[in-house]
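One-letter residues, chain by chain:
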Amino acid sequence: MNPSYNEREVLALLQDESTQKRGFEMIVARYSEQLYWQIRRMVLSHEDADDLLQNTFIKAWMNIDYFRAEAKLSTWLYRIALNECLTFLNKQRAAATVSLDDPEADVIQKLESDPYFSGDKAQMTLQKALLSLPEKQRMVFNLKYYQEMKYEEMSDIFGTSVGALKASYHHAVKKIEKFLGEEY
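Fair warning: this is a prediction, and the values are worked out from it, not measured in the lab.

Rules of the game
By convention here, each chain's residues receive numbers from 1 onward along its written sequence. Local features in a predicted model are, by the rule used here, given only for residues with pLDDT of at least 70; side-chain atom pairs are given and counted only at 80 or more, and totals for whole chains, interfaces and linings are based on all residues. In computing side-chain values, all of the structure's heavy atoms are included and hydrogens and water are not. Between rings of Phe, Tyr and Trp, where Trp is taken as its six-membered ring, a pair exists when centres lie within 6.5 Å; planes separated by under 30 degrees are stacked, by over 60 edge-to-face, and by other angles tilted. Counting from the N terminus, the helices are DSSP H or I runs at least four residues long and the strands are E runs at least two residues long. Partly exposed residues are those whose accessible area sits between 20% and 50% of the maximum for their type, while under 20% is buried and over 50% is exposed, using a 1.4 Å probe and protein chains only. For a lysine, the NZ atom is tested; for an arginine, the CZ atom; a charge sits over a ring if that atom is within 6 Å of the ring centre and within 35 degrees of the ring normal. In what follows, a contact means two residues having at least one pair of non-hydrogen atoms within 4.5 Å. To count toward a patch, a residue needs a relative accessible area above 30% and no salt bridge. Like charges then connect within 9 Å, nonpolar side chains (Val, Leu, Ile, Met, Phe, Trp, Tyr) within 5 Å. Residue exposure ignores everything except the shown protein chains as possible cover, and the areas themselves are Shrake-Rupley values with a 1.4 Å probe. Whenever Lys or Arg places a side-chain nitrogen within 4 Å of a carboxyl oxygen from Asp or Glu, that contact is recorded as a salt bridge. For helices, the fitted axis covers only the stretch in contact; all axes are lines through C-alpha atoms, and the angles between them, taken along N-to-C directions, range from 0 to 180 degrees. Definitions for this section: a left-handed crossing has its near helix turned counterclockwise from the far helix by less than a right angle. A right-handed crossing has that turn clockwise. By the convention adopted, Pro, Cys, Tyr, Trp, Phe, Met, Ile, Leu, Val and Ala count as nonpolar, Lys, Arg, Asp and Glu as charged, and the other residues, Gly among them, as polar.

> Please clarify how the packing of aromatic side chains should be interpreted in this entry.
Aromatic ring pairs are reported here in terms of the distance separating the ring centres and the angle at which the planes meet. Scanning all chains against the criterion turns up ten aromatic pairs. Measuring from centroid to centroid gives 5.0 Å for phenylalanine 141 and tyrosine 145, while their planes differ by 15°, and the two rings are stacked. One end of the pair is phenylalanine 141 and the other is tyrosine 145, both in helix α7 (residues 135–145) and four residues apart, which spans about a single turn. Consider the rings of tyrosine 151 and tyrosine 169, whose centres lie 6.4 Å apart with planes at 75°: the pair is edge-to-face. Residue tyrosine 151 is located in helix α8 (residues 151–158), and its partner tyrosine 169 is located in helix α9 (residues 162–183); the two are separated by 18 residues in the primary sequence. One exposure class covers both tyrosine 151 and tyrosine 169, and it is buried. Among the aromatic residues, ring-to-ring pairing joins Phe141, Tyr145, Tyr146, Tyr151 and Tyr169 into one connected group. The ring of tyrosine 31 has arginine 30 lying over it, and the distance from NZ or CZ to the ring centre is 5.8 Å.

> Sorry if this is basic, but what is going on with the environment of tyrosine 151 here?
Exposure remark for tyrosine 151: the relative accessible area of 13% places this residue in the buried category. As for tyrosine 151 and tyrosine 169, which are separated by 18 residues in sequence, their C-alpha atoms are 9.8 Å apart. When sequence neighbours within four positions are dropped, the list of residues in contact with tyrosine 151 reads Lys144, Val162, Leu165, Lys166 and Tyr169.

> Got a minute to help me understand a nonpolar patch on the surface in this structure?
A surface patch of nonpolar side chains, amounting to about 320 Å² of accessible area, comprises Ile58, Trp61 and Met62. Judged by relative accessible area, which is 35%, tryptophan 61 ranks as partly exposed.

> Help me understand the packing of helix α2 (residues 20–43) against helix α3 (residues 46–62) in this model?
The axes of two packed helices give the description: the angle between them and the distance between them. Viewed as axis vectors pointing N to C, α2 and α3 meet at an angle of 145°, and their least axial separation amounts to 9 Å. Seen along the crossing, α2 lies across α3 with a hand that is right-handed. Residues Gln20, Lys21, Phe24, Ile27, Val28, Tyr31, Ser32, Leu35, Tyr36, Ile39, Arg40 and Val43 of α2 touch α3, and the partners they reach there are His46, Asp48, Ala49, Asp50, Leu52, Leu53, Thr56, Phe57, Ala60 and Trp61. Residue composition of the contact of α2 with α3, by class: 14 nonpolar, four polar and four charged.

> I tried to follow unusual backbone geometry on my own but got confused; where do I start?
The backbone of leucine 44 sits at a positive phi, close to 70°, despite the residue not being glycine. In this structure, leucine 44 sits in the loop between α2 and α3. The residue glutamate 148 is not glycine, and still its phi comes out positive at about 55°. Structurally, glutamate 148 is set in the loop between α7 and α8.

> Looking at this model, I keep getting lost on the pattern of salt bridges. Mind explaining?
Where charged atoms from two side chains of opposite charge come close, those side chains can pair. All told, the structure shown has six salt bridges when counted by the stated rule. Between lysine 59 and glutamate 84 there is a salt bridge, with its nearest N and O atoms 2.4 Å apart. Of this pair, lysine 59 sits in helix α3 while glutamate 84 sits in helix α4 (residues 73–99), and the two are 25 residues apart along the sequence. On the accessibility criterion, lysine 59 (41% relative accessible area) is partly exposed. A salt bridge links glutamate 182 to lysine 178; the shortest N-O distance between them is 3.1 Å. Taken as a pair, glutamate 182 and lysine 178 lie in helix α9 at a separation of four residues, close to a single helical turn. According to the relative accessible area criterion, glutamate 182 is exposed, its value standing at 57%. A relative accessible area of 56% means that lysine 178 is categorised as exposed.

In short, geometric facts, not functional conclusions.
And the structure:
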């Protein structure tokens, strides 16, 4: 994290056309890594995550004039990134159902052959458990478990109540525990 990052200053840079690019570069520097890992946990493949991260920042840049600072920049970026993930996963599932009976098998096979995945058997099993979750539950689990994001912030991203998100996380944990119990 860049300690000199100040959201108010960045927002001021974004308001002025002559400093907008510099402000956006600060946003990219600040959020690239955490957005990459959030996307990567959803799509698993490094190449796909890299492409989706670029798409996220392209969409953000193209729509920066519409950002009104009612939410935090991070919330806005997460919403864009999660929408990019959902669109990608839906396209991937549609393509996989044409060629495969088990779309998750294609994703697992991609992960197992990914040279950037350095996980052991336990991490692979956890990834398989996460893949067994519906996308929204997986997103909520990833944001809460890996990013330690507060439910209130997730509520802004998803446009869902805190109670619904807590329930979604609870169901995700139960399903993961059940999956891991069956595997070990």
